[in-house]
Amino acid sequence: MRLETERLLLKEINEGHVEDILKIRSNEVINQFVKRNSPKNNYDALQFILTIKERTRNNQTFYWGISLKNQLNFIGTICFWNFSEDRKTAEVGYELLPDYHRQGIMYESLTAVLNFGFNQLHLQEISAMTDKFNENSKILLLKNHFILEEERNDEGFQGNLVFRKKFNGI
């Protein structure tokens, strides 16, 4: 599934994107806000890509690499995952290389993905978890009309805040 915006292409990742995925998922600035096992080498990145491809085939995730229209390399990723059993809710996740922060790229990507989720997947609600110290992510979610759910916790991740956006007919 490919999505296009004014400046961006969001497209499926494949084995040809190993170096991009390694660069994004091992970035120290990004990883200060994300608790995960980061890839250490191309093999680790390839294993991640193969896992994502399998989860995509099994409809467990929708996962896009983000690139500027005039570039081949991915500068970030965005995905839907953690679908409810009835497929009415999902979680959105995203990451962007620091050189591209504060340029509206993730806002543009998230807007396209939210439209896809609500209008093509017919989701009723989308949630997002972000580190309480990740100011850029919190601003992004609020700009996209997510609501902070102060009473909810991200199980296993005490430092995360939970945001939610319900379908409103967009």
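All values reported here derive from a predicted model rather than from experimental measurement.

A look at unusual backbone geometry
Backbone geometry follows two general trends: most residues other than glycine have a negative phi, and most peptide bonds adopt the trans configuration.
Argument step 1. In this model, N59 sits at a positive phi of 60 degrees, which is unusual for a non-glycine residue.
Argument step 2. Inspection of the secondary structure assignment puts N59 in the loop between α3 (42-57) and β3 (62-68).
Argument step 3. Of note in the backbone geometry, N82 takes a positive phi value of approximately 55 degrees without being a glycine.
Argument step 4. Locating N82 in the fold gives a position in the loop between β4 (76-81) and β5 (89-96).
Argument step 5. Judged by relative accessible area, which is 46%, N82 ranks as partly exposed.

Concerning the nonpolar core
Argument step 1. Grouped together as the largest cluster of nonpolar side chains are 43 residues, with contacts concentrated most on W64, I78, F80, V92 and F146.
Argument step 2. Top element by residues in this core is helix α4 (residues 105-119). It accounts for seven residues.
Argument step 3. Filtering out sequence-adjacent residues up to four positions away, F146 remains in contact with V92, L110, L114, I126, S127, A128, L141, F163, R164 and K165.

Focus: the packing of helix α1 (residues 18-25) against α3
Argument step 1. At a minimum axis separation of 8 Å, α1 and α3 run at an interaxial angle of 100 degrees. Comparing their axes, α3 and α1 come out roughly perpendicular. Residues V18, E19, I21, L22 and R25 of α1 pack against N42, A45, L46, F48 and I49 of α3.
Argument step 2. Residue composition of the contact of α1 with α3, grouped by class: seven nonpolar, one polar and two charged.

Topic: the pattern of salt bridges
Argument step 1. In total, this model carries eight salt bridges according to the counting rule given.
Argument step 2. Taking the shortest distance from any N to any O, the salt bridge between E15 and K53 comes out at 3.0 Å. Here E15 is found in the loop between β2 (8-11) and α1, whereas its partner K53 is found in helix α3, with 38 residues between them in sequence.
Argument step 3. Owing to a relative accessible area of 25%, K53 belongs among the partly exposed residues under this scheme.

A word on helix α5 (residues 135-143)
Given 3.6 residues per helical turn, the α-helix brings residues three or four places apart onto the same face.
Argument step 1. All buried positions along α5 are accounted for by S137, K138, L140 and L141. Down the axis, α5 shows its buried residues gathered within 160 degrees of arc, on one side only.
Argument step 2. Residues of α5 that are buried make contact with β5, α4, β6 (125-131) and β8 (160-166).
Argument step 3. Once α5 ends, the next one or two residues include H145, with phi positive near 65 degrees.

Comments concerning the packing of aromatic side chains
Argument step 1. Using the criterion set out here, one finds seven aromatic pairs in the structure.
Argument step 2. When the ring of F62 is compared with that of W64, the centres are 6.3 Å apart and the planes differ by 25 degrees; the resulting orientation is stacked.
Argument step 3. The exposure class of W64 is buried, given its relative accessible area of 1%.
Argument step 4. Pairing F118 with F167 gives two aromatic rings, centres 5.5 Å apart and planes at 45 degrees, and the pair type is tilted. Residue F118 is located in helix α4, and its partner F167 is located in the segment after β8; the two are separated by 49 residues in the primary sequence.
Argument step 5. Linked through ring pairs, F62, W64, F80, F83 and F116 together constitute an aromatic cluster.
Argument step 6. Its end group placed over the ring of F48, R25 keeps NZ or CZ at 3.8 Å from the ring centre.
Argument step 7. Positioned over the ring face of Y107 is K143, at 5.9 Å from the centre of the ring.

So, how was this worked out
- Residues numbered from 1 in each chain as written.
- Predicted model: local features only at pLDDT ≥ 70, side-chain atom pairs only at ≥ 80, totals over all residues.
- Heavy atoms only, no water.
- Helix = DSSP H or I, 4+ residues; strand = E, 2+ residues; numbered from the N terminus.
- Buried < 20%, exposed > 50% of the residue type's maximum accessible area, 1.4 Å probe, protein only.
- Core = buried A, V, L, I, M, F, W, Y, C linked by side-chain atoms within 4.5 Å.
- Contact = heavy atoms within 4.5 Å.
- Axes fitted to C-alpha atoms, helices over the stretch in contact; angles between N-to-C directions.
- Parallel < 35°, antiparallel > 145°, perpendicular 65-115°, else oblique.
- Nonpolar A, V, L, I, M, F, W, Y, C, P; charged D, E, K, R; others polar.
- Salt bridge = Lys/Arg side-chain N within 4 Å of Asp/Glu carboxyl O.
- Arc of directions from axis to C-beta.
- Phe/Tyr/Trp six-rings, centres within 6.5 Å; stacked < 30°, edge-to-face > 60°.
- Lys NZ or Arg CZ within 6 Å of the ring centre and 35° of its normal.

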